[in-house]
Number of protein chains: 2
Amino acid sequence: MPAPFSDLSGFRALLQGLPRPHAAAQAAARDRNAQLTKPPGALGRLEDLAIWYAGWRGTARPVLERPQVIVFAGNHGVTARGVSAFPAEVTVQMVANFQAGGAAINQLARAFGAEMAVHALDLDRPTADFTQGPAMTEAECVAALATGLQAVNPEADLLVVGEMGIGNTTPAAAIACALFGGAPGEWTGRGTGLDDQGLAIKTQVVAEGLAANPGRDPLQVLCALGGREIAAMAGAIAAAHALRIPVILDGFICTAAAATLARAAEGALDHCVAGHASAEAAHRALLSQLGLPPLLDLGLRLGEGSGAALAIAVLKAAVACHSGMATFAEAGVSDC
Amino acid sequence: MPAPFSDLSGFRALLQGLPRPHAAAQAAARDRNAQLTKPPGALGRLEDLAIWYAGWRGTARPVLERPQVIVFAGNHGVTARGVSAFPAEVTVQMVANFQAGGAAINQLARAFGAEMAVHALDLDRPTADFTQGPAMTEAECVAALATGLQAVNPEADLLVVGEMGIGNTTPAAAIACALFGGAPGEWTGRGTGLDDQGLAIKTQVVAEGLAANPGRDPLQVLCALGGREIAAMAGAIAAAHALRIPVILDGFICTAAAATLARAAEGALDHCVAGHASAEAAHRALLSQLGLPPLLDLGLRLGEGSGAALAIAVLKAAVACHSGMATFAEAGVSDC
């Protein structure tokens, strides 16, 4: 596991020391790909994914057998402002649903052979309303980052992080706006189903949050405008990088968490692919800012890691083809 | 199994008598979907897919446990004209690769739990060069349709049909152009990797084929401009419809086969979804003509059923969520 940290400086140091992929393994994977029994390039993005995955796993012919899905849950003081179509108690109810195996993410994890973990972060202590000051103290943010870091199974060979937190597209919009600029309305969407009036309130709340928290250092943005489950996702994504475990990013909230890392340290997301483009309006813009083209585009906007869990299948397919196919020489097939 | 047929009229009769989905099961599935523990619509296209699948399977809470992948192979007289980057002997070499488990489709079928069958159709007797007259006699076409029909496992609960046939984007382009009009060049692409000169020759060959075979009845187009593996895919897709087995369409060649059915009988493809948009230029246009939006868009252009096999994962995910998730009442979660 990566070294523990006790303050934000310690986490910054972790980000500055993240490893690069294995260049030799990546080159060997590229060479193998060119010999497989298919026309050059005919497997499209599956080929790029397999080569990228091989680089992070450090072998030209990797396997993908132990994907892990972690769902982090948190509550948000800002829900008191009416930013969600669902009441805040749904967070704890859905955590129980995850634990009982009844949510969408449970079915997806099972369908694609992923182990699943659920971490509820102080649900009885919502973050502070960020329109009145920072959502979290530095100590609270660091604790959430550490929870995320510790949640990663070092034996996993692929990681999906997801979230549950009623109201959490609001902090995600505030983070995206703080990091990338533009008007609050450009980053604010309907979440689980806000009407026009709710959307207007939410946009106003994001604007107030940005005004009340003027700092723009990416990790301070995470503390001031984020939430515990958002910081935990950031911690888990960073830990996976340290462990050379590739990550599939989920939707808008997960990507906002990841964006704080990308802005804090160059290359911090090189071990990540975007699992899907969410129907939440600003997700596509956020992925574009990060240079991460989505694998899937099926109109999902559920969170929980669901879009990324669906993309586990794409990664599995890519690795299965790459490592399982015969070469032209092995199969006695004429090359072009 | 659907009734056998001995001529094209018999196959036409089969197409005219195809069943509709179960309206009651579909309605019950829609009702169940509205009660699942997620915001309304938050699973996007997965929700539509599950409801569609439920209608064809005749139950509100279906399972998807026995997908079948069938790969049909055929050879084409038109390859003598230089329409492919690969030599014609690759067809039989790749059939051996399928049988040995070394091709991309083998890895994908295994990854998603599909049984796989391979049918090589008279590889030592290529179809006639369609620039000189019909590629197949009616009897040859009917035999290939029947091979496709008989290849479908009636116990399967999902079908993918794929193909292998060096040169077969040429008949596919000719079929698409014959059915939907436009210039031959609009339907002709680079296949496995033609250069500019090869593409010009291929476009000319398609134009000559259309001129040499002026009939535009969809099933006569299939005989005159198709190939054995293309007709076999059409036969399998029709048989699946008769058996209420949903089908995932693959790329350009598979979709061209399906298009002949769509033009021959209204609703003939109602049991089909488009698995992906191929990188072969005209596939997107063909899907658009058929009103079938693709599930995936990952730049694949391999054939073999590979894009559709990848989309098995999407269908599995949709059905797993739909049939496995808890309702709001079961989970004690507050509805919005």
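Scope of this entry: the structure provided in the associated data block. Predicted model, so just to flag it, every value in this text is computed and none were measured. (Residues numbered from 1 in each chain as written. Chains lettered and ligands numbered in written order. Predicted model: local features only at pLDDT ≥ 70, side-chain atom pairs only at ≥ 80, totals over all residues. Heavy atoms only, no water.)

Counting its regular elements, chain A contains 15 helices and six strands. Whereas a compact globule of 336 residues would reach a radius of gyration of roughly 20 Å, chain A reaches 20 Å, a difference of no more than 12%. In chain A, buried positions account for 63% of the 336 residues. Contacts in chain A between residues far apart in sequence, at least 24 positions, make up 79% of those at least 6 positions apart. Total accessible area computed for chain A in this model is approximately 10,800 Å², and 50% of it derives from carbon and sulfur atoms. (Helix = DSSP H or I, 4+ residues; strand = E, 2+ residues; numbered from the N terminus. Rg over C-alpha atoms; globule rule 2.2 N^0.38 Å. Buried < 20%, exposed > 50% of the residue type's maximum accessible area, 1.4 Å probe, protein only. Contact = heavy atoms within 4.5 Å. Areas by Shrake-Rupley, 256 points an atom, 1.4 Å probe, with all protein chains shown as cover.)

Now for the pattern of salt bridges. All chains considered together, the criterion is met by 24 salt bridges over all chains. The partner of Arg190 of chain A in a salt bridge is Asp196 of chain A, and the shortest N-O contact between them spans 2.7 Å. Classification of Arg190 of chain A by relative accessible area gives partly exposed; the value is 38%. Residue Lys202 of chain B pairs with Glu280 of chain B through a salt bridge whose shortest N-O separation is 4.0 Å. Here Glu280 of chain B lies in the loop between β5 (272-276) and α13 (283-290) and Lys202 of chain B lies in helix α9 (residues 196-212), a separation of 78 residues in the sequence. Both residues of the pair, Lys202 of chain B and Glu280 of chain B, count as buried. (Salt bridge = Lys/Arg side-chain N within 4 Å of Asp/Glu carboxyl O.)

All names here are of chain A. For Glu229, the position within the fold is in helix α11 (residues 228-242). The side chain of Glu229 sits in the buried core without any salt bridge; Arg228 is the nearest counter-charge, 7.6 Å away. Side chain to side chain, Glu229 and Asn168 meet in a polar contact 2.9 Å long. (Lys, Arg positive; Asp, Glu negative; His and termini not counted. Polar contact = N/O pair within 3.5 Å; in protein donor to acceptor, adjacent residues only side chain to side chain.)

Attention shifts here to the environment of Ala173 of chain B. All names here are of chain B. Position of Ala173 relative to the elements: it lies in helix α7 (residues 169-180). Considered as a pair, Ala173 and Pro154 are 19 residues apart in the sequence and their alpha carbons are 31 Å apart. Ignoring anything within four residues of it in the chain, the contact list for Ala173 reads Trp187, Thr188, Val206 and Phe252.

Glancing now at helix α1 (residues 8-16) of chain A. All names here are of chain A. Those residues of α1 not exposed but buried are Leu8, Phe11, Leu14 and Leu15. End-on, the buried residues of α1 take up no more than an arc of 110°, which puts them together on one face. For α1, the exposed residues set more than 90 degrees away from the buried face come down to Ala13 and Gln16. Buried-residue contacts for α1 involve α6 (138-151), α10 (218-225), α11 and α12 (252-264). (Arc of directions from axis to C-beta.)

All names here are of chain A. Counting buried positions along strand β3 (residues 158-164) yields seven of seven residues, so the element is predominantly enclosed. With two bridges joining them, β3 and strand β4 (residues 247-249) adopt parallel strand pairing. Bridging across to β4, Leu159 finds its partner in Val247. (Pairing = 2+ DSSP bridges.)

Counting from both sides, the interface comprises 49 residues of chain A and, opposite them, 49 residues of chain B. Buried surface at the junction of chain A and chain B, summed over both partners, amounts to about 3,800 Å²; 70% is from carbon and sulfur atoms. Viewed at the interface, chain B and chain A are joined by zero salt bridges. In this assembly, chain A and chain B are joined by 14 residue pairs in polar contact (both at pLDDT 80 or more). Contributions of two or more residues to the side of chain A that touches chain B are made by α3 (45-57), α4 (90-100), α5 (104-111), β6 (294-296), α14 (306-324) and α15 (328-331) of chain A. It is α14 of chain A that provides the largest number of residues to the side of chain A that touches chain B, a total of seven residues. Residues belonging to the side of chain A that touches chain B are distributed by class as follows: 32 nonpolar, twelve polar and five charged. (Buried area = accessible area lost by both parts, 1.4 Å probe. Nonpolar A, V, L, I, M, F, W, Y, C, P; charged D, E, K, R; others polar.)

Another point: the packing of α10 of chain A against α12 of chain A. Residue and element names in this part refer to chain A. The contact between α10 and α12 brings their axes to 8 Å, and the two run at 155°. Taken together, the axes of α10 and α12 lie roughly antiparallel to each other. When α10 is examined against α12, the residues Pro218, Leu219 and Leu222 are found in contact with a partner set consisting of Thr260, Arg263 and Ala264. For the contact of α10 with α12, the class distribution of residues is four nonpolar, one polar and one charged. (Axes fitted to C-alpha atoms, helices over the stretch in contact; angles between N-to-C directions. Parallel < 35°, antiparallel > 145°, perpendicular 65-115°, else oblique.)

Attention shifts here to the pairing of strand β1 (residues 67-73) of chain A. All names here are of chain A. Counting buried positions along β1 yields seven of seven residues, so the element is predominantly enclosed. The two faces of β1 match: Pro67, Val69, Val71 and Ala73 on one face and Gln68, Ile70 and Phe72 on the other face are all buried. Sheet topology places β1 next to β3; seven bridges connect them, and they run parallel. Opposite Pro67, over in β3, you have Leu158 as the bridge partner.

Aligned on chain B, chain A shows an RMSD of 0.0 Å; the corresponding rotation is 180° and the shift along the axis is 0.0 Å. Seen this way, the second copy is the image of the first under a two-fold rotation axis. Mapped onto chain B, 100% of the interface residues of chain A again fall at the interface, so both copies present the same surface. (Least-squares fit on C-alpha atoms with pLDDT ≥ 70 in both.)

Geometry of a packed helix pair, given as the angle between the helix axes and the separation of the axes. Two elements in contact, α14 of chain A and helix α14 (residues 306-324) of chain B, have axes separated by 9 Å at closest approach and are oriented at 155°. Considered as vectors, α14 of chain A and α14 of chain B are oriented roughly antiparallel to each other. You can see that α14 of chain A and α14 of chain B cross each other, and the crossing is right-handed. Contacts between α14 of chain A and α14 of chain B involve Leu310, Ala313, Val314 and Ala317 of chain A from the first element and Leu310, Ala313, Val314 and Ala317 of chain B from the second. The class makeup of the residues in the contact of α14 of chain A with α14 of chain B is eight nonpolar, no polar and no charged. (Left-handed = near helix turned anticlockwise from the far one by under 90°.)

What follows covers helix α3 (residues 45-57) of chain B. Residues and elements named next belong to chain B. Its 13 residues place the ends of α3 18 Å apart at the C-alpha level, agreeing with the 18 Å of an ideal helix rising 1.5 Å per residue. Of all 13 residues making up α3, ten are buried, and the element is well covered by its neighbours. Buried residues of α3: Leu46, Glu47, Leu49, Ala50, Ile51, Trp52, Tyr53, Ala54, Gly55 and Trp56, and no others. (Expected span 1.5 Å × (residues − 1).)

All names here are of chain B. Position of Ala172 relative to the elements: it lies in helix α7. Residues Ala172 and Thr188, 16 residues apart in the sequence, show an inter-C-alpha distance of 8.7 Å. When sequence neighbours within four positions are dropped, the list of residues in contact with Ala172 reads Ile230, Phe252, Ile253 and Ala256.

This paragraph deals with the sheet that holds strand β1 (residues 67-73) of chain B. Residues and elements named next belong to chain B. If you trace the six strands from one edge of the open sheet to the other, you get β2-β1-β3-β4-β5-β6, paired in parallel fashion. Single-partner strands in this sheet number two, and they are β2 (115-120) and β6 (294-296). The mean angle between the axes of side-by-side strands here comes to 30°, regardless of whether they run parallel or antiparallel. Across three bridges, strand β4 (residues 247-249) lies against β5 in parallel orientation. In the sheet register, Leu249 faces β5, and the bridge partner there is Ala274.

A few words now on the side chain of Arg32 of chain B. Residue and element names in this part refer to chain B. Considering the arrangement of structural elements, one finds Arg32 in helix α2 (residues 23-35). Among buried Asp, Glu, Lys and Arg side chains, Arg32 stands out as unpaired, with Glu330 the closest opposite charge at 5.0 Å. Among the polar contacts listed, one links the side chain of Arg32 to the backbone oxygen of Met325, at a separation of 3.0 Å. Not counting residues up to four positions away in its chain, the partners in contact with Arg32 are Ala60, Arg61, His322, Ser323, Gly324, Met325 and Thr327.

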